[in-house]
Amino acid sequence: MAEARPGGPESVADGAAPAGGRSTGRRGGVCNGPMAAVSTVSAWTDLLLTRSALCLGLAPSPKWLGAWGLPDDVGGARRMCGAVLEAAGDRVSVYRIQVPFFARFGGAGTALLRDVVDGVHGRGSLAVLDAKVCDADDTMDSYADLYLGPDSVLGGDAVTATPFMGFAALDPLLRRARESGTLVMVLVRTSNHAAGGVQGARAGTRTVAQRTADEVQEWNERHGTAAAAVVGADRAEAAELVSRMPSAVVELPGLGRAGRETGDLVAVAAGAPGRAVLPVTTGVLRHGPDVAALRAGIASWRAEIGAGVPAC
Ligand SMILES: O=C(O)c1cc(=O)[nH]c(=O)n1[C@@H]1O[C@H](COP(=O)(O)O)[C@@H](O)[C@H]1O
């Protein structure tokens, strides 16, 4: 079995020329004063339709580094990310990057995370920073400075956020996302077992998840399409929630997970063409560290998704 390519910064940041997607620095920065909103969703749609709805998870956790025979340190994390990016080339539209697995290495981990985001952009792909943030008032501006847009510390194209301090608490972050042409991916319904008791609870005539979905749609209608959504529910519930947010990019987690049918996820995604992002982490990382095996795993997911959610 070939090993993951050892790498310096170049091995993560180098990539194929951007192929129809976002190029680094194309958008205005968040620190450059007021800007016109850019057509965020159309940039995502272009990529999702021309490449694939497939989104690769980058998760250099102790578990995965151990499974790959790599040291649980920033060097191991760099080699893992380099191998996945090398295997994917320019065939993947979006990466979901698990922030805590980088931040746990301190400053070196944060620098690696920025390198990885640059590597994603170098391949013409988009980077979702999975940090699940939320707080009140001016802290949200600081989250934007950290996560959103080319002039932020980490340069993400989207950040995940929890709405459970009340949807209005997300407003400052959403405004910054709109200004920088990025997205806030709001947790509408998550797939973890404990979530049902909160997100499935009824608030008047709607569940909390339905109400949050409606708030995503309302924000986009009022202000522009910076609100996106994470919907990790079964087929019927996911389809219903997605139908409430016709303007939003929706991330549908669960591919390759026990108890989740790929066909169900693909069917929900097919109902939101050009807006649905299907992340897979375990289902690809289990093929590593061999780059050829990773490449074959990615190709197989693209084919399986492509049968239901066609890309050109
Ligand atoms: O935000 C997410 O992506 C997410 C939403 C959700 O509903 N459930 C969920 O597990 N996730 C993330 O998905 C990751 C696992 O990805 P898979 O291995 O592809 O299932 C976890 O680390 C979570 O952070």
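On a predicted model such as this, the values are computed, not experimentally measured, just so you know.

Rules used throughout
Residues numbered from 1 in each chain as written. Predicted model: local features only at pLDDT ≥ 70, side-chain atom pairs only at ≥ 80, totals over all residues. Pairing = 2+ DSSP bridges. Helix = DSSP H or I, 4+ residues; strand = E, 2+ residues; numbered from the N terminus. Near = placed C-beta within 6 Å. UniProt positions renumbered as here; feature names shortened; annotations may be inferred. Core = buried A, V, L, I, M, F, W, Y, C linked by C-beta atoms within 7 Å. Buried ≥ 20, exposed ≤ 12 C-beta atoms within 10 Å, placed from the backbone. Arc of directions from axis to C-beta. Contact = placed C-beta atoms within 7 Å. pLDDT = per-residue confidence, 0-100. Axes fitted to C-alpha atoms, helices over the stretch in contact; angles between N-to-C directions. Left-handed = near helix turned anticlockwise from the far one by under 90°. Nonpolar A, V, L, I, M, F, W, Y, C, P; charged D, E, K, R; others polar. Parallel < 35°, antiparallel > 145°, perpendicular 65-115°, else oblique.

**Quick word on the sheet that holds strand β3 (residues 126-133)**
Strand order in the closed barrel formed by eight strands is β1-β2-β3-β4-β5-β8-β9-β10, and the pairing between neighbours is parallel. Where β3 and strand β4 (residues 158-161) come together, three bridges link them in parallel fashion. Considered in β4, the bridge of V128 is made with A158.

**Section: the site of the ligand**
Surveying the vicinity of the ligand reveals 16 residues, the closest of which are T190, S191, G232, T281 and T282. Only β2 (94-98) and β10 (276-280) provide two or more residues apiece to the shell around the ligand.

**Focus on the UniProt feature "domain: Orotidine 5'-phosphate decarboxylase" (unreviewed entry) in the chain**
The sites that carry the UniProt feature "domain: Orotidine 5'-phosphate decarboxylase" (unreviewed entry) are, in the present numbering, residues 53-297. The annotated region residues 53-297 carries 45% helix and 18% strand content, and the separation between its end C-alpha atoms amounts to 15 Å.

**Re the environment of E240**
Residue placement: E240 occurs in helix α11 (residues 235-243). In this structure, the C-alpha to C-alpha distance between E240 and S93, residues 147 residues apart in sequence, is 25 Å.

**So, the nonpolar core**
Counting 99 residues, the largest nonpolar core has V184, M185, V186, A228, A229, V250 and L278 as the members making the most contacts within it. If you tally residues by element for this core, the top one is helix α4 (residues 74-88), at nine residues.

**Some words on helix α12 (residues 262-270)**
Among the residues of α12, those classed as buried are L265, V266, V268 and A269. One face of α12 carries all of its buried residues, which in axial projection span an arc of 160 degrees. Looking at the packing, one finds that the buried side of α12 touches α11, β10 and α14 (291-306).

**Notes on the environment of V284**
Mapping V284 onto the fold places it in helix α13 (residues 282-285). Of the residues examined, V284 has 26 C-beta atoms within 10 Å and is grouped as buried. Residues in contact with V284, not counting those within four places in the same chain, are L56, L294, G297, I298 and W301.

**Concerning the pairing of strand β1 (residues 54-58)**
With five of its five residues buried, β1 lies for the most part within the structure. Here β1 shows two buried faces, one formed by L54, L56 and L58 and the other by C55 and G57. Summarising the sheet, β1 and β10 pair through three bridges and their orientation is parallel. Within β10, the residue paired with L56 across the bridge is V280. Of the pairings in the sheet, the one linking β1 to β2 comprises four bridges and is parallel in character. Across the sheet, the residue bridging to L58 is I97, located in β2.

**A few points about the confidence of the model for the chain**
The predicted coordinates ought not to be read in detail in places where the model reports low pLDDT. Mean pLDDT for the chain: 88, with 86% of residues reaching 70 or above. Here residues 16-38 is a poorly scored stretch, pLDDT under 50, and it has 54 contacts once near neighbours within four places are set aside; other chains count. At the level of chain-chain contacts, confidence expressed as ipTM amounts to 0.93, with global pTM at 0.90.

**Quick look at the pairing of β4**
For a regular strand, the rule is simple: side chains alternate between the two faces of the sheet. Along β4, one buried face is formed by A158 and T160 and the opposite face, lined by V159 and A161, is buried too. In terms of strand pairing, β4 meets strand β5 (residues 183-189) through four bridges, oriented parallel. Opposite T160, over in β5, you have M185 as the bridge partner.

**Some points on α11**
Within α11 the residues assigned to the buried category are A238, L241 and V242. Buried residues along α11 cover an arc of 100 degrees about the axis, so they all sit on one side. As for α11, its buried residues are in contact with β5, α10 (208-223), β8 (227-231), β9 (250-251) and α12.

**Some details on the packing of helix α7 (residues 139-147) against helix α8 (residues 171-180)**
Where α7 meets α8, the axes come as close as 8 Å, and the angle between the chain directions of the two elements is 35 degrees. Seen from above, α7 lies across α8 with right-handed handedness. Judged by residue contacts, M140, D141, Y143 and A144 of α7 engage P172, L173 and R176 from α8. Looking at the contact of α7 with α8 residue by residue, the classes come out as five nonpolar, no polar and two charged.

**Focus: the packing of α11 against α12**
Where α11 meets α12, the axes come as close as 10 Å, and the angle between the chain directions of the two elements is 15 degrees. When the interaxial angle is binned, α11 and α12 end up roughly parallel. Between α11 and α12 the crossing geometry is right-handed. Every residue of α12 that contacts α11 at R235, A238, A239 and V242 is listed here: D264, A267 and V268.

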